[in-house]
Amino acid sequence: MYKKESWSLKELVPSDDVSGARRILDTVEQLVRKIELYKTKFHHSMSSSDFNALIDDIEKYSAMSHRVQQYAGLRVSQNSLDAEATAFSAKVDSVCADTANRLLWFSLDFVKFPADDVARLIASCQKARYYLEQIVAGKKFLLTDKEEKIINIKNVNGTSAVVTLYDILTSGFTFPFKGKDVTESELLKFVRDKNPKNRREAYASLFAVFKKHESLFGEMYRAIVADWGKEDVELRGHKSPVAVRNFANDIPDEVIETLMSVAEKNKTVWHKYFRLKARLLKTNTKNEKLSRYDLYAPIGGADETISFGKGSHLVLDTFRYFSPVWSDCAKRLFDEHHIHSSVVRGKDQGAFCSGTIPRIDPYVLLNYTDDPRSVSVLAHELGHAIHFMLATKKQSMFHAHAALPVAETASIFSELLLIEKLKKEKPKIVKSLLFQQVDNAYASIGRQIEFVAFEKEAHELIKNHGSTEDLKRLYWKRLKNHFGSAVDVPVVFESEWSVIPHIFHTPFYCYAYGFGNLLALSLYSAYQEAVKKSGDDGAKMVRTITELLSAGGSDSPAVIVKRAGFDIASESFWQRGFDTLSKMIDDVGKSS
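Along each chain, residues carry numbers from 1 onward, in the same order as the chain's sequence is written. pLDDT decides what is reported in this predicted model: residues at 70 or higher carry local features, side-chain atom pairs at 80 or more are listed and counted, and totals for whole chains, interfaces and linings draw on all residues regardless. Processing note: side-chain calculations cover all non-hydrogen atoms of the structure and skip hydrogens and water entirely.

Chemist: Before we move on, could you go through the nonpolar core and cite the residues and values that matter?
Modeler: Here the nonpolar core consists of buried residues drawn from Ala, Val, Leu, Ile, Met, Phe, Trp, Tyr and Cys, with membership extended through side-chain atoms lying within 4.5 Å. Whether a residue is buried, partly exposed or exposed follows from its accessible area with a 1.4 Å probe, protein chains only, as a fraction of its type maximum: under 20%, in between, or over 50%, in that order. The biggest cluster of nonpolar side chains holds 134 residues, and the ones touching the most others in it are F274, W326, L382, F413 and L581. Secondary structure counts use DSSP, requiring at least four H or I residues in a row for a helix and at least two E residues in a row for a strand, with both numbered from the N terminus. With 15 residues, helix α20 (residues 430-463) is the single largest residue contributor to this core. Any two residues whose heavy atoms approach within 4.5 Å are treated as being in contact. Discounting residues that sit within four places of it in the chain, W326 has contacts with F319, I386, L390, F413, S414, L417, I545, T546 and L549. V32, I55, F88 and I360 belong to the second-largest nonpolar core, a separate cluster that totals 49 residues.

Chemist: Mind laying out the state of the cysteines, listing which residues take part and the relevant values?
Modeler: Count a disulfide wherever a pair of cysteine sulfur atoms falls within 2.5 Å. Throughout the structure, instances matching the rule amount to 0 disulfides. The thiol of C329 is not disulfide-bonded; the next cysteine sulfur, from C353, is found 11 Å away. C510 takes part in no disulfide bond, and the closest cysteine sulfur, belonging to C353, lies 18 Å away.

Chemist: If you had to explain the pattern of salt bridges to someone new, which residues and values would you point to?
Modeler: Here a salt bridge means any side-chain nitrogen of Lys or Arg lying within 4 Å of a carboxyl oxygen belonging to Asp or Glu. One pass over the structure, following the stated rule, counts 46 salt bridges. E214 is paired through a salt bridge with K472; the nearest N and O atoms lie 3.2 Å apart. With E214 in helix α11 (residues 214-235) and K472 in helix α21 (residues 468-483), this residue pair connects regions lying 258 residues apart in the sequence. Each member of the pair E214 and K472 is classed as buried.

Chemist: Residue-level account of the side chain of N266, with values.
Modeler: Note that N266 resides in the loop between α13 (253-265) and α14 (267-281). With relative accessibility at 8%, the residue N266 sits in the buried group. There is a polar contact of 3.0 Å between the side chain of N266 and the side chain of Q575. The residues touching N266, leaving out its near neighbours within four places in the chain, are Q575 and F578. Here a polar contact is recorded for every N or O atom pair within 3.5 Å, except that within protein the pair must consist of a potential hydrogen donor and a potential acceptor, and residues adjacent in sequence are included only if both atoms are side-chain atoms.

Chemist: Let's hear about the packing of aromatic side chains: which residues, and what values?
Modeler: Each aromatic ring pair is summarised here by two numbers: the centre-to-centre distance and the angle between the ring planes. Put simply, two rings from Phe, Tyr or Trp (the six-membered ring, in Trp's case) pair if the centres are within 6.5 Å, and we call them stacked under 30 degrees between planes, edge-to-face over 60, tilted for the rest. Using the criterion set out here, one finds 52 aromatic pairs in the structure. An angle of 20° between the planes, with centres 6.2 Å apart, marks the rings of W497 and F504 as stacked. Each member of the pair, W497 as well as F504, carries the same accessibility label: buried. Aromatic ring contacts, followed pair by pair, group Y166, F173, F175, F210, F217, Y221, W497 and F504 into a single cluster. The ring of F177 carries the charged tip of K178 above its face, separated from the ring centre by 5.7 Å. A ring is scored as having a charge over it whenever the NZ atom of a lysine or the CZ atom of an arginine sits within 6 Å of its centre and within 35 degrees of its normal.

Dropping the structure here:
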C-alpha cells in the first residue's frame, strides 16, 4: 500500500542537486549555439529538409530548457524556504530568458516570409504544424526585435519576480488555530468541518493573516495588472485584458463572453442549492439564507478518514474500471515516486501537476490530509497527469500541452468518476457525497467564473488608479451580488481576493475551470448514456474521450472538442452543463 512521501526528481536530474541541474543548463547553451548557426541560412526559400532539421533542434532545446525549469520550479515548490533552490530558480529564469531572446529571430523572421512559403514549410513539418500556425497568428501582436528582447528581460526581473515574492511569502504563512500554528492546507480542511464554530474560526484565522499583508498584496497585484495592461493591451494591441488570455488559449472572445453570460444567467441554479443547504443546516430557517461561512459545510454522513494508501487504491480502482490505460498511467507515477503528498512547512500549499517533456512522466504535488476531499484532489491532479501522458504518446514536444480550458477536462472528469465510485462503495455517506459533488461543481464553475468577472473589473479599476481599498470594496460588492439573497456575506470576506493565487500567477486563468467542468459534465453525461444504451462499459465513448485527450495541444480547443461532438460557440452547449447541474441539485434535494 502506498504511503505519503516526497518525490524523487532523479528522472529530471539524476544527481537531484543544483550542480547536476547546472550541467543541463550547459546543454541548453550548446543547443542554442547550434540553433544560432541556422540564422544565416534562415530565409523563405529554405529547403524543407533544412527547415525540419532546425525544428528538430528547436524541439531538443525546448525539451532541455523546460526540463531544467521544471526541476528548479519543483525544488522551490517542495520547499520555498530553501535558499539554494530559490536562488537557482532565479538563475534558471534569467538564463532561459536570455536564451529565448537569442532565439527570437526564428518567430520574428518566420512571420515575415511570403504566405506561400510559410504554408509550404508548415506542410512539411506536421509535428509542429499547430505551433507554427500559432506563431503566424500572433504576427499582428509582435513588436520590434529589440522591443521583444527588452520585454523578455523585463518579465523575468519584473512580474515574474513579483509572483515569486507572493509565493515565498504565502507558502511560509502559518495560521493560529486551536492553540497550534498550522499550514494553509491544514487550516482550509476546517472550512468543510461539521462544526460551524471551526468553520468560522478557520476563515477568521485565514483572513487575519492575509489582512496583515494586504497593502503589500495590493501593490503586488497592481504591478501585475498594470504590466499586463501596458504590455499586452496598449503595446501589443489586444482588445482587452481578458482577450490576451483568450488569444493564448486560441479561443474567440465571443466564446468566453457567451460562457460568462450563460453563467451569469444561471446564478439562480446555485442560489437554489444554497437555499436547500441552509434549510438542512438550519442556519436560518426563517428566510433560508446561508452564511458564507457555511458554504462548504458537510451535509449528512459521519466523519470519514481515508489514509493515503486507501485513497490511492480508491483512485486507481476508479481509473481501472473506466480504462486500464488510465490506471496504468496513474500507477506509474506512484511506482516512480513522482507524487509529493506529505504536508510540510514551506511546501506549496496548493496542488498541481507538472508535465513538461514527453519522455519524462509528470510530477504531482498535493497536501494530503486524510479526508475525502484529499482523495478528490488526488484524482483531479492524476487526471491532469493522465491527460499529459496520453498526449505525449502521440504528440511532439510542440503539441504535448493542451490549452488551459481543455487542460481541465480530464481532471474534472476524473473527479466525477471517483464520486460515482464512492457512491456505490460507501452507501452510508451517499448523502454527503452528493452534496460534496455539487460543492465541488460550484467551486469549479460558479466561483471560478466569478473570479474572472472580478478580474475584468479589477483590471479596469487599476487602470484608473484604484487603490487596495477600492479592490476590497469591489470584491465584496461583486460577492454580495453573486450570492444574491441566498447567502449572507460577512464583511471579513472582502479580503478573500488576496488569497486567490491564480489572479496573481495567471490572470484570467480561472474561466478554464468553468470551461473544463462544463465540458467534463457533458462528456460524463454522454458516457453514462452510452453505458445505459449499450449495456456494456461504454467502450466507444471511452475511446472518444481518450482520443480527445490524446490530441494534447495539436489544435484549437474548438476543433478538438468538435471531434467529440460538441460546439463551444453554442450557448446551448454551456446551458446543457447548467441543466445537468440543476438536475444534480434536484437529485440532492430528493435524497434529503
